[in-house]
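Descriptive analysis of the structure
This is what each chain is made of:
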Amino acid sequence: MAREQRIKVTVNGRTYDKVVPVRLSLADFIREHLYLTGTHLGCEHGVCGACTVSLNGRSARSCLTLAVQADGAEIVTIEGLRDRDGKRHPMQQAFHEKFALQCGYCTPGMLITAIELLQEKPDPTEQDVREALSGNICRCSGYQAIVEAVLAVARKEFV
Amino acid sequence: MSDKRFVNERAVGSSVLPDEAIPLVEGFGRFLNDIQLPGMYHVAFLRSQHAHARLRSVDASKARELPGVVKALTGKELFGRVEPFRSMPNRFSGGESVQHWLAVDKVRFCGEAICAVVAEDRATAEDACELIEVDYEPLPVVSDPRDGERDEAPLVHDSCPNNYLIKREYERGNVAEAFDKANLVVKRKFRIGRKQALCLEARGCVAAYRESTFVLTVWMSHQLPYVVRHYLAKHIGMHENDVRVIVPHTGGGFGQKASVYPEEFVCAYLALELRRPVKWVEDRLENMVASTHARDQYIELQAAVDKDGHLLALSSDVWVDVGAYSTYLWSAGMEPLQTAGLMPGPYKVPALRYRTRGVATNKTPVGPYRAVGRPSASASLELLLDEAARRLKIDPVELRLRNLIPNEAMPFRNANNLVHDNVNYVPCLKLSTTKGEYARLREEQRQALADGKLRGIGVACFAELTGLGTTTAVGPGTLLQPGRDAVTLRLETSGVLTVAAALPSQGQRIMTAMRQVAADELGINLEDIICLTSDTATAPYGFGTFASRTAVFGSGAVIKAAKELRQRILALGAFLLGVALEEVTVANSAVHTLDRSKSVSLREMAEKSYFSAKDIPEELNPGFEVTSFYDPKRGSFAAGAHLVVVDVDPQTGDVKIIRYVAAEDVGTIINPAVVEGQIIGGIAQGIGEALLEEIVYDDAGQPRTVTLADYLVPSALDIPRIELHHANTPSAALGGFKGCGEGSIIGALGAVTCAVADALSRRGGDIHEFPATPERVLRGLGVLPGGA
C-alpha cells in the first residue's frame, strides 16, 4: 500500500491540495500541516471530544479520522467560526461572556458540538444540551456555565 | 475592549470579563503542543511493562538503526551525568527513595521510563521504541499498603524498611481518657480509590539550546516555572541564570503539573547535548501511568462522643499507597500527613491521635491533586458523624452545629495545632440548610422512602487552609516552604501598567484578578493594565500556582507594590500640574486635582518620566517600576457546607444526584463569576471522586484503567445544576482574600458519600469503599455478595 496519498480538502473556506502520509490523522493534518492548532488532542482515542471538528456539516472526532478519509470534504474548525469581519460566532461570544471556559482546552470541541446541536434542535431543553455535550469532557467548569452559554444562544441572547 | 459587564464602582467584586480568555475562545491559544521550532526533534519514551523487575539488559541498537532516529538514550548512559531525584528530606521520612530519570538497574512501576528515543518525528520515535529489547527479571510486587508494611513484604526500595516512605504518630490532649469517659464510641472504615487529576491537556515540554539569550529555554506545561528552573539547573549542573522556563497556555493543572518529573528533564538534557530543539508531548495512555496519581487511602477512625453528640476525641489510622517513589519536591508526605493531620477540619476536637503511613508500592507515584488529603479526611469524618447522629438519634445537621467551631470562639486553636479565625463555619451550614430547605428535604425523603424510593441526604462541612504564608507548611515536614511571592508593577511609556508575577494560570483567570486589584489600588482603567505571568525572563520570583494561593499572593503583592507606585504617580502628577501633593488624586488612568480642574494622563506622565527626565527633579522621578514581595505569614481558612440529595436505584446500583446546594466562605471575592466557576468545577471533580473515578491495578501491579473509557470522569449528564450561595467573611490577608480553588472538592466528596450512605442505611445497608460504583452500592445493599 502506498505510504502517501494526495488529498484535497476545504478547511474554513480555503481549499488545500496536499500529499499526506496515509497513517496521518485528520487532527495531526489540521494541526501540523495546516498550522490550525485551535483543535486540541485530549485523548487520541475518541472519548474526550476536544478534537471535534465539523466534517461535511457533522461533528467528527478528528483524532479517529484519517486525513485521507477527509479527501473531498469540507471541514470547519474553531478558527473558522468567526465571520468574515472577524466577529466572533454567537456561541464563541456566549462562551466568553458566560465564563464557559477555564483552561480552554475542551473549548474547540465544545463549540463545534454546541453549534451542531442548535442547528439540529434550535430550542433545546437543558437536558437536551447536557446530552448533546455528554461526549465532550470538560475537567474545569462542572459544565454549568457551558450549558448556560448554549441555552443563552438558543434564546438568541447572542447574535 | 470587553471589560464592560457587571462593572461596579470598584473592579474588585465585579464579574469583569476576562480578556485573557479571548484567544482561547477564538482558537488562537498557544498550548505546549502548538509550539513548533525549526529543526525540532521529537522524543518518545520506552516504558516499563513490569511493575517490579530487574533490568538485565537494555539493547537499543536496532532502534538506532531505524531511519529518522537521532538518538536512543538509556538509563545506563545517562547515569552519572545528571543528579537523580532523591526524596525530599522530610522530618517524617521512613527511608529515602532514589528515582533515576531513566531506570538504571530496576523498574518499580508500570510506565516508568527506561529509554528516550529522539527522532525526526514522533511516529518514528515511537516506532523505534518498539525495536528496543529489554530483558526483564520480574521481582515480587507490592500492591497493597497494608501488606507492604509487613516485615515479610518484599521491598520496593532496599533503603525503606517496611516500605515506609513516610510515617508519623501524633497525639495531643488526653485521648485515652476521652475514650474512657465517652458515652459513645463510633468507629468506621473508609477506603478511597486511586485518582488521576486528568488534565485534559497532558504534560509536555519543548527544550531548546540558545533559543534566546539563555543557554537553555524550556517551554513546559507546568504550574511552577521558577521552581522548575531552580531544580532543573541544579540537577543538570547548570547556573540557574542560564535557564529560562516559559509556561504556555495550560490545559489544566490541578496539582498534577506541580511536581517535577523525569521526562521534561531528560528533554532538557537532550536539547543541550544535541543542540537542537526537542519536543515531548505526553499522550493519554502515558499520562495515565507516568503522571502522578492521587489519594488511594485506607482509613480506620473512631471518635469518642458525649451524650449530646459533642466530639471528645478523634483517633485515626491512615495507610496511603504512595506508589513507587517519593514524588519529587513534595515528598510522599502530602496525602498521609495532610489526611491525618487535617482530619478535624472545621470541628472542635479536644484530643487527637493518629498514626499515618505512606507505604511504597509498585505503582505510579502519588502526588498532589486538588485539595490534597483533605477530601478523604473530611468524608471519613463526616460519615462517622452521621453514624454518631444515628446512634444518638440527633439530627445530622444539629450534631454538626454542636461541633463546628463557632465564630465567637475564634481565634480557636484546634488539637491539630491550627488556629481558626475569620471564617464562617456555622453561617455556611445554616445558609446551605436554609436555602436547601433541609427540613422539607427530610420530609420529602420520608415520603420517597414510603413510596419505595431509596433516597439519601448528605451534609458535609469543610475547612480549607488557603494562601499559606511562610509560617505554615504546604508540604508538611519538608524543607520546601513556599510562602512569599513577588509582583512587579511597571508603568510603561504607553501609560499601560504591566503586572508581572510568576503565577501562571491553568484557567483561574489570575491575570484578570490581578488587573482588577491593580485597577482599584491605582486608579488605572482595566483596559490599561496587562499581565505577564508565565515566563521566568519577565516575572519576578515566585513559587507559582497551587494550594489555593495564587489570588491571595498575587493580589497581596499587587496591593503592596501599588502603594509605593501610587505615591510616585501622585508625586510626579502634582509636580507636572504645579500643585501640592495633597491636591491630587489618581483615577481613570490620570492624575487629577481634587476639584478636577486640571489633569495629566498617566501616558503623558510616563513618557515624561522616561523621555524627559532632565525636566523633572530626580527625587520626584525614581522610576515607575516597583517590585514587592508578599508573605501573609499564616494561611487563611476558607469554608463551606454542602447539602446533597441522591436517589439510589436498588436494582442497578446507580446513584443520581437530584439536588446540590453549596454555601461557601471564600473571603472577599475579586471576580464572582470566576469564583463560581472554580467552586462548581471543584464540586464536579468531587462528584467524580465520590461516584466514578478510580484507577484500578491488579495484584501484579498492572494498571487496568488506562483509557478514558475505563477511567470515568463526569460528563455533563453526571453533574447536576449546582445551587451556590455565599457566606463570605474577609480573611486577615491583604485585601481580605482567601483561596477558592480546592475547598469545593472536599465538600463534594463528603456530602455525596454521606448521601449515598444515608440512602443505603434506610434499607439496613452501608458503604465504606468509594467511589460508590454500582457494584459497591449493590454490595452495600446486600443485593450482591461481599458486603460494603
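What chain B contains, in helices and strands, is 20 helices and 31 strands. Overall, chain B is about 85 × 70 × 45 Å in size when its C-alpha atoms are taken along their principal axes. Pairs at least 24 apart in sequence give 79% of the contacts found in chain B among residues at least 6 apart.

Turning our eyes to something else, we now look at the domain arrangement of chain A. All names here are of chain A. Considered domain by domain, chain A is made up of domain 1 (4–80) and domain 2 (90–154). Distance from the C-alpha centre of domain 1 to the C-alpha centre of domain 2: 21 Å. Taken together, the contacts link 14 residues of domain 1 with 11 residues of domain 2. Among the elements that make up the side of domain 1 that touches domain 2, the one with the highest residue count is strand E3 (residues 52–55) (three residues). Residue composition of the side of domain 1 that touches domain 2, grouped by class: five nonpolar, nine polar and no charged.

All names here are of chain A. Strand order in the open sheet formed by five strands is E2-E1-E5-E3-E4, and the pairing between neighbours is mixed. What marks the edges here is a single partner per strand, and that holds for strand E2 (14–21) and strand E4 (58–61). Averaged over all neighbouring strand pairs, the angle between strand axes comes to 40°, with direction disregarded. Here two bridges tie strand E1 (residues 4–11) to strand E5 (residues 74–76), and the two strands are oriented parallel to one another. Bridge assignment links Thr10 to a residue of E5, and that residue is Glu74. Across the sheet, helix H3 (residues 107–120) touches E3 and E4, and the angle it forms with E3 is around 40°.

This brings us to the interface of chain A and chain B. Across the contact, 41 residues belong to chain A and 41 residues belong to chain B. Secondary structure elements with two or more residues in the side of chain A that touches chain B: helix H2 (90–97), H3, helix H4 (126–132) and helix H5 (144–154) of chain A. Considering every element that reaches the side of chain A that touches chain B, the biggest residue donor is H2(A), with four residues. Each residue belonging to the side of chain A that touches chain B can be placed in one class, and the counts come to 18 nonpolar, 15 polar and eight charged.

A few words on the pairing of strand E2 (residues 53–59) of chain B. Residue and element names in this part refer to chain B. Bridge analysis of E2 against strand E6 (residues 106–107) gives two bridges, and the strand direction is antiparallel. Pairing of Ala53 across the sheet is with Val107, part of E6. One ladder, built from six bridges, connects E2 with strand E8 (residues 133–138); its direction is antiparallel. Bridge pairing links Leu55 to Tyr136 in E8.

Residues and elements named next belong to chain B. Partitioning chain B into structural domains gives domain 1 (32–139 + 198–290), domain 2 (372–470 + 633–780) and domain 3 (484–630). Centre-to-centre, using C-alpha coordinates, domain 1 lies 40 Å away from domain 3. Each side of the interface is counted separately: domain 1 has 15 residues, and domain 3 has 14 residues. Of all the secondary-structure elements, those providing two or more residues to the side of domain 1 that touches domain 3 are helix H7 (225–236) and strand E13 (243–246). Along the lines of polarity and charge, the residues of the side of domain 1 that touches domain 3 split into eight nonpolar, five polar and two charged.

Residues and elements named next belong to chain B. Across four bridges, strand E24 (residues 584–587) lies against strand E25 (residues 590–593) in antiparallel orientation. Bridge pairing links Thr585 to His592 in E25. Connecting the antiparallel pair E24 and E25 is a turn made up of two residues, with Asn588 showing a positive phi of about 50°. Across three bridges, E25 lies against strand E26 (residues 599–601) in antiparallel orientation. Pairing of His592 across the sheet is with Ser599, part of E26.

Criteria and thresholds
Residues numbered from 1 in each chain as written. Chains lettered and ligands numbered in written order. Predicted model: local features only at pLDDT ≥ 70, side-chain atom pairs only at ≥ 80, totals over all residues. Helix = DSSP H or I, 4+ residues; strand = E, 2+ residues; numbered from the N terminus. Contact = placed C-beta atoms within 7 Å. Domains from an automatic or database assignment. Nonpolar A, V, L, I, M, F, W, Y, C, P; charged D, E, K, R; others polar. Pairing = 2+ DSSP bridges. Axes fitted to C-alpha atoms, helices over the stretch in contact; angles between N-to-C directions.

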